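Descriptive structure summary
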Amino acid sequence: MRRILNITVALVGGAFCAALPVQAATIAWRGHTWQLTSGGMAGVCQGDPQNVTVDASGYLHLRIVNNGGTWTASELFTADQIGFGTYQWQVDGPIDSYDKNVVLGLFPYGPAAGIGTDGTNEIDVEYSRWGQATGPNGDWTDYPASGTTVGELSYTFSLGGATLSTSRFTWSSTSIADVLLSGLRPIGDSTGLIKSWTYAPTNPAVNIPQRGLPLGMNLWCFDSPPSDGNPVEIVIRDFVFVSANGAGGIGGAGGVGGAGGAGGAGGAGGAGGVGGNAGAAGQSGGSAGSAGPGGTGGVAGSGTAGGAGGRPGQSAAGAGGYGGASGGGGSFGGGGGSGTGQTATGGQTSGNSTAGSPGGCACSIGDDRSVGGAASSMGLFLAAILTFRRCLSGSRRARRP
């Protein structure tokens, strides 16, 4: 077991890893409340909540820093417990070439909530050389629900100088299947496969965790601070969980000018960044993500209770956003955004738009009396199309010099 809790002040390699005052700190990210570790955690350095931040693009940053000779690390756990399903992280960082003492961990961990003892109820995805400059740099380790049988695979990999990767595992009652991919991949896409492994032990009821666990992430120092003396930062661009029972995860938020991530099956799409489109919802009734300023609303799920369309985008430059489409049999489309001299367009079904700024025009496609995501009257639909065409004509004239 590589988790080493350090409660006291340690002097390692000439630098202090000092105990910190314990304080409650949480953040909200990707549909979960995360509790930030302050004080004792894995490795020889203490956790500092200030080393965990979320930037304007919705990306999670984890750091190891040296403040006046004292090294601190970062760790967080979900307040809720997550069970069988697919877990995926999109990571931006040189996970193949970290300093030999640095560890990135992505892991459900039961003991954080009093579920089992250390060495049980844990599923590890870890990137580290464990203090050995030429050792393997990847590890998948699966601890049992009870007992002492541990499944582990250590391997060596390279990103070829790139920094973007996708880590994923699917956990069921009988197996745990791990995958490492190059680049940023959506759920279900195995393009850029670097390594895969499936752990399917005999007697899985004992040798595989069988209940929901808190999910942890940490960036820490194994047996001493970074040997090169440099601080470390990793960026988790996205995390998605798709439950084995069909409940979807929330898609990641888009960066500036970027689209939000797609939700898992039945899950909500991610919010678009500034100027970016919202992520599409998962199928089977998930709701669409909201558009960023000037972006386009996400498309709702196609189930019998389709989700609502995305909210309107609004841009300081005056570009009207587009409302998202409603799911088949579902809720109304999103409203159009406002914009000077632009057309603000409603959802593809049922949406009502907001008023445009001077020189603009607000339109919606469809009617707010839709049944099953379709207009209840062909006449109403045709009338709406004519109205939309008139609005487009006025908007084109407004844009002319």
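Residues numbered from 1 in each chain as written. Predicted model: local features only at pLDDT ≥ 70, side-chain atom pairs only at ≥ 80, totals over all residues. Heavy atoms only, no water.

Quick look at the overall build of the chain now. Per the secondary structure count, the chain includes two helices and 20 strands. The buried share of the chain, reckoned over its 401 residues, is 52%. In the chain, 50% of the contacts between residues at least 6 apart in sequence involve partners at least 24 apart. Counting only carbon and sulfur atoms, one obtains 53% of the accessible surface of the chain, whose full area is about 16,100 Å². (Helix = DSSP H or I, 4+ residues; strand = E, 2+ residues; numbered from the N terminus. Buried < 20%, exposed > 50% of the residue type's maximum accessible area, 1.4 Å probe, protein only. Contact = heavy atoms within 4.5 Å. Areas by Shrake-Rupley, 256 points an atom, 1.4 Å probe, with all protein chains shown as cover.)

In this section: the side chain of Asp99. Position of Asp99 among the secondary structure elements: in the loop between β9 (85–92) and β10 (102–108). Of the side chains with opposite charge, Lys100 lies nearest to the buried Asp99, which makes no salt bridge, at 6.9 Å. A polar contact of 2.5 Å, which involves the side chain of Asp99, links it to the side chain of Ser227. From its side chain, Asp99 meets the backbone nitrogen of Asp228 in a polar contact 3.2 Å long. Among residues more than four places away in sequence, those in contact with Asp99 are Pro226, Ser227 and Asp228. (Lys, Arg positive; Asp, Glu negative; His and termini not counted. Salt bridge = Lys/Arg side-chain N within 4 Å of Asp/Glu carboxyl O. Polar contact = N/O pair within 3.5 Å; in protein donor to acceptor, adjacent residues only side chain to side chain.)

With that settled, the discussion passes to the packing of aromatic side chains. In total, this model carries 19 aromatic pairs according to the counting rule given. Here the aromatic rings of Trp89 and Phe239 are separated by 5.2 Å at their centres, their planes lie at 45°, and the arrangement is tilted. Pair noted here: Trp89 is in strand β9 and Phe239 is in strand β18 (residues 232–243), with a separation of 150 residues, a long-range link. (Phe/Tyr/Trp six-rings, centres within 6.5 Å; stacked < 30°, edge-to-face > 60°.)

Along the chain, Ile82 turns up in the loop between β8 (70–78) and β9. The spatial distance from the C-alpha of Ile82 to the C-alpha of Ser243 is 8.4 Å, given a sequence separation of 161 residues. The contact partners of Ile82, leaving out residues within four places of it in the chain, are His32, Tyr87, Trp171, Gly212, Leu213, Leu215 and Phe241.

Okay, the nonpolar core next. The biggest cluster of nonpolar side chains holds 54 residues, and the ones touching the most others in it are Trp89, Ile95, Leu104 and Met217. Leu104 has contacts with Leu62, Val91, Ile95, Tyr98, Val125, Glu126, Tyr127, Asn218, Leu219 and Ile234, leaving out every residue within four places of it along the chain. (Core = buried A, V, L, I, M, F, W, Y, C linked by side-chain atoms within 4.5 Å.)

Assignment of secondary structure puts Ser167 in strand β14 (residues 164–171). Given the relative accessible area of 1%, Ser167 is considered buried. Polar side-chain contacts of Ser167 include one of 2.6 Å to the side chain of Tyr127. Look past the residues within four positions of Ser167 in its chain and what remains in contact with it is Tyr87, Gln88, Trp89, Leu106, Val125, Tyr127, Val179 and Leu180.

This next bit is on the confidence of the model for the chain. The predicted model of the chain averages 72 in pLDDT, with 55% of residues at 70 or higher. Below a pLDDT of 50 lies the segment residues 18–23, which in the model reaches 17 contacts outside its immediate sequence neighbourhood of four places, other chains included. (pLDDT = per-residue confidence, 0-100.)

The next subject is the environment of Thr53. Mapped onto the secondary structure, Thr53 falls in strand β6 (residues 52–54). For Thr53, a relative accessible area of 30% translates into the label partly exposed. Placed 182 residues apart in sequence, Thr53 and Val235 show a C-alpha to C-alpha distance of 9.7 Å. In contact with Thr53, not counting residues within four places along its chain, are Tyr59, Leu60, His61 and Arg63. Here the side chain of Thr53 touches Arg63 through a polar contact of 2.9 Å, side chain to side chain.

Mapped onto the fold, Arg129 is located in the loop between β11 (123–127) and β12 (138–142). When its relative accessible area of 18% is taken as the criterion, Arg129 is described as buried. Each C-alpha atom, one on Arg129 and one on Asp99, is 7.9 Å from the other, the two residues being 30 residues apart in sequence. Those residues in contact with Arg129 that lie beyond four places of it in its chain are Asp96, Lys100, Val102, Thr134, Gly135, Pro136 and Asn137. Of the polar contacts made by the side chain of Arg129, one reaches the backbone oxygen of Gly135; its length is 2.4 Å.

For the rest of this paragraph, the subject is the pairing of β18. Within β18, 10 of the 12 residues are buried, which leaves the element mostly enclosed by the surrounding structure. Here five bridges tie strand β7 (residues 60–67) to β18, and the two strands are oriented antiparallel to one another. Across the sheet, the residue bridging to Leu62 is Ile234, located in β18. Inspection of the sheet shows β9 paired to β18 by eight bridges, in the antiparallel sense. When the bridges of β18 are listed, Trp89 appears paired with Phe239. (Pairing = 2+ DSSP bridges.)

Turning next to unusual backbone geometry. Phi at Asn121 takes a positive value of approximately 50°, unusual for a residue other than glycine. Here Asn121 lies in the loop between β10 and β11. Residues other than glycine seldom take positive phi values, yet Trp130 does so here, at roughly 55°. Tracing the chain through its elements places Trp130 in the loop between β11 and β12. On the basis of relative accessible area, Trp130 is assigned to the buried category, the value being 9%.

If you walk through the whole model with that rule in mind, you get zero disulfides. Here Cys221 is not disulfide-linked; the sulfur of Cys45 is the nearest cysteine sulfur, at 4.1 Å. (Disulfide = S-S within 2.5 Å.)

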